[in-house]
There are 2 protein chains.
Amino acid sequence: MISKAKISEIKKLAQKKFREESGLFIVEGTKSVTDLLLSQLVVEEVFATSHWLAAHPLPQSIRCAEVSPGELERMSCLTTPQEVLATVRIPHFDPNTIDDRDAVIALDGIRDPGNLGTIIRTADWFGFKQVVCSPDCVEFTNPKTIQATMGSFCRMRVFSTDLPDFLKEKNCSILGTFMNGEPIETVKFNRNDILVIGNESNGISRAVEALVSRRIHIPSFATSPTHAESLNASIAASVVMYQYRLRIQ
Amino acid sequence: MISKAKISEIKKLAQKKFREESGLFIVEGTKSVTDLLLSQLVVEEVFATSHWLAAHPLPQSIRCAEVSPGELERMSCLTTPQEVLATVRIPHFDPNTIDDRDAVIALDGIRDPGNLGTIIRTADWFGFKQVVCSPDCVEFTNPKTIQATMGSFCRMRVFSTDLPDFLKEKNCSILGTFMNGEPIETVKFNRNDILVIGNESNGISRAVEALVSRRIHIPSFATSPTHAESLNASIAASVVMYQYRLRIQ
């Protein structure tokens, strides 16, 4: 049993404003909550059905409330509610702790929550540990982003900082995708490259473009005069990350 | 001016049932409608604001109604309505007309409309012309799919047919992604390969797996013991399509 006020409080965490006020975000579903419990993130509370709790015993240190499927549905941000939902403290990673010896994925205005989540998931798959978001990116604590990461939000350090300021101080290669760049399959990558991915509609911003040291391009190979004008941002990011892993020096 | 009944009729095309009954689907936004007007698809009617029509003169052969932004909003399937919306006849491509000399992207149970749209957009970028969907794929006429293709729905022949029956008759290589396949960067592709992409949760179905002649895999290169368990289906499809283009014999 859970109060109406509590349900409404959790439901509100779908909105950025309430996440900022409370410092909490929502994680839903067995896969994401299981990954969460194995991570360093601070779990505030877990809400689950008796059925779920019987199958997934929680550590005693975790605050937990048994709720009905109907109650979970009313808290949920998803169209298909799950059997478990957790509220989690938003982690704040200090950009000064970025490891300059390792690669960074830098996102310049990624607005679509699904794209951000898919980029984090793909970065995790390809062994990246650090994603830097410009302040105009969608927050990674957006429920649709968390959902799209399929648990990878737990394993990625996601920083938010002014991108030009961050890049100005760096002494490594900064690669960005442009229509007129070098074909990516001939690029040699360095371990500590910064790989910049631009906004869905406008690409990389002028201020960031000025700091890019190497312009790269994903060739289309299309033979028709008319074809897709561009790739989805998460698709472009994935091809870049894959090529980085293949062609790192 | 447009009747309430007409608005409601168009709005209903967001649902599969009404698209099947009417044989129509919806296309929204300047980019998609512009691509549509350059394509072979049969436009039923265009609804646009006076502002849009002044900037985009239509051929006389196109039936067109001027509507207010409010009316468009009531017809729209999008959260951010556009200035133009078209209703279009659903094309039916006969699987017997598939060109066996050219590559095919075969989708085995892709359920997410955004994934299907992104795969069609990426296929168009990389010069593919033919996508074959199993009957349990989301329909490509779903408004979210059309939106995600960014106009590429106009340039792709999207077939729907029983996948095992289709594959059984083929005399070419059938490649599918599996966790235990050959690393994709060592695979040599043939022009008329069939590239199979599996369902978001369950991968390639048993019946299709039995017909795959070459099991391929996208390595993760991750060094940590825990990392993402899988890639998003549209990401996996994109890496496969990109490698096909790079490594075609």
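Small disclaimer: the values here were computed from a predicted structure and weren't measured.

**Q** Can you help me understand the pattern of salt bridges in this one?
**A** Any two side chains of opposite charge can pair, so long as their charged atoms come close to each other. All names here are of chain A. In this structure the tally under the stated criterion is 28 salt bridges over all chains. Between Asp 99 and Arg 101 there is a salt bridge, with the nearest N and O atoms lying 3.0 Å from each other. On the basis of relative accessible area, Arg 101 is assigned to the exposed category, the value being 66%. Where salt bridges share partners, they join Lys 6, Glu 44, Glu 45, Arg 63 and Arg 89 into one cluster.

**Q** When you look at the sheet that holds strand S4 (residues 84-89) of chain A in this model, what are you seeing that I'm missing?
**A** Think of a sheet as strands paired side by side through backbone hydrogen bonds, with each pair either parallel or antiparallel. Residue and element names in this part refer to chain A. Taken in spatial order, the four strands line up as S1-S4-S2-S3 in an open sheet, and their pairing is mixed. Two strands close off the open sheet at either side, each with one partner strand: strand S1 (24-28) and strand S3 (64-66). Between one strand axis and the next, the sheet turns through 20 degrees on average, direction left out of account. Here three bridges tie strand S2 (residues 43-48) to S3, and the two strands are oriented parallel to one another.

**Q** Please clarify how the nonpolar core should be interpreted in this entry.
**A** Within soluble globular proteins, side chains that are nonpolar generally end up buried alongside one another. Counting residues in each nonpolar core, the largest one holds 109 residues, and the members touching the most others are Leu 107 and Ile 218 of chain A together with Leu 107 and Ile 218 of chain B. Sequence-distant contacts of Ile 218 of chain A, defined by excluding residues within four places in its chain, comprise Ile 184, Leu 231, Ala 236, Val 239 and Val 240 of chain A together with Trp 125, Phe 126 and Tyr 242 of chain B.

**Q** Can you help me understand the relation of the copies chain B and chain A in this one?
**A** Both copies of the chain are placed relative to one another by a rotation about an axis and a shift along it. In the superposition of chain B on chain A (RMSD 0.0 Å, axial shift 0.0 Å), the rotation amounts to 180 degrees. Viewed as a symmetry operation, the transformation between the two copies matches a two-fold axis. An overlap of 100% is found between the interface residues of chain B and their copies at the interface of chain A, pointing to a shared contact surface.

**Q** Honestly, the pairing of S2 of chain A in this entry has me stumped. Any pointers?
**A** For a regular strand, the rule is simple: side chains alternate between the two faces of the sheet. All names here are of chain A. Across the six residues of S2, five count as buried, placing the element largely inside the fold. Relative to S4, S2 runs antiparallel, the two sharing five bridges. Residue pairing for S4: Val 43 is matched across the bridge by Val 88. At this point the chain moves from S2, through helix H4 (residues 50-55), to the parallel S3, and the crossover so formed is right-handed.

**Q** Got a minute to help me understand the domain arrangement of chain A in this structure?
**A** When the parts come together, some accessible area is lost, and that loss is often what is quoted as the size of the interface. Residues and elements named next belong to chain A. For chain A, the domain assignment lists domain 1 (4-89) and domain 2 (95-247). Distance between the C-alpha centres of domain 1 and domain 2: 30 Å. Taken together, the contacts link 15 residues of domain 1 with 11 residues of domain 2. Summing the contributions of domain 1 and of domain 2, the shared interface buries around 1,100 Å²; its carbon and sulfur component is 63%. On the domain 1 side of the interface with domain 2, the three residues burying the most area are Arg 19, Phe 25 and Asp 35, jointly 36% of the side's total. A salt bridge links Asp 35 to Arg 155; the nearest nitrogen and oxygen atoms lie 3.1 Å apart. Put simply, domain 1 and domain 2 have three residue pairs in polar contact (both at pLDDT 80 or more) between them. When residues of the side of domain 1 that touches domain 2 are traced back to their parent elements, those giving at least two are helix H2 (16-22), S1 and helix H3 (30-37). Among the residues forming the side of domain 1 that touches domain 2, the class breakdown is eight nonpolar, two polar and five charged.

**Q** Explain the packing of aromatic side chains to me, please; I cannot follow it from the model alone.
**A** Where two aromatic rings form a pair, the distance of their centres and the angle of their planes describe that pair. Applying the stated criterion across every chain yields a total of 14 aromatic pairs over all chains. Judged by centre distance (5.8 Å) and plane angle (40 degrees), the ring pair of Phe 126 of chain A and Tyr 242 of chain A falls under tilted. On the criterion of sequence distance, the pair formed by Phe 126 of chain A in the loop between helix H6 (113-125) and strand S6 (130-133) and Tyr 242 of chain A in helix H10 (residues 233-247) is long-range, its members being 116 residues apart. Taken individually, Phe 126 of chain A and Tyr 242 of chain A each receive the classification buried, so the pair is uniform in this respect. Of the aromatic side chains, those joined through ring pairs into one cluster are Phe 25, Phe 140 and Phe 153 of chain A. Directly above the ring of Phe 178 of chain B sits Arg 215 of chain B, whose terminal nitrogen or CZ lies 3.9 Å from the centroid.

Cut-off values and rules
- Residues numbered from 1 in each chain as written.
- Chains lettered and ligands numbered in written order.
- Predicted model: local features only at pLDDT ≥ 70, side-chain atom pairs only at ≥ 80, totals over all residues.
- Heavy atoms only, no water.
- Salt bridge = Lys/Arg side-chain N within 4 Å of Asp/Glu carboxyl O.
- Buried < 20%, exposed > 50% of the residue type's maximum accessible area, 1.4 Å probe, protein only.
- Pairing = 2+ DSSP bridges.
- Helix = DSSP H or I, 4+ residues; strand = E, 2+ residues; numbered from the N terminus.
- Axes fitted to C-alpha atoms, helices over the stretch in contact; angles between N-to-C directions.
- Core = buried A, V, L, I, M, F, W, Y, C linked by side-chain atoms within 4.5 Å.
- Contact = heavy atoms within 4.5 Å.
- Least-squares fit on C-alpha atoms with pLDDT ≥ 70 in both.
- Right-handed = clockwise from strand over helix to strand, strands pointing away.
- Domains from an automatic or database assignment.
- Buried area = accessible area lost by both parts, 1.4 Å probe.
- Polar contact = N/O pair within 3.5 Å; in protein donor to acceptor, adjacent residues only side chain to side chain.
- Nonpolar A, V, L, I, M, F, W, Y, C, P; charged D, E, K, R; others polar.
- Phe/Tyr/Trp six-rings, centres within 6.5 Å; stacked < 30°, edge-to-face > 60°.
- Lys NZ or Arg CZ within 6 Å of the ring centre and 35° of its normal.

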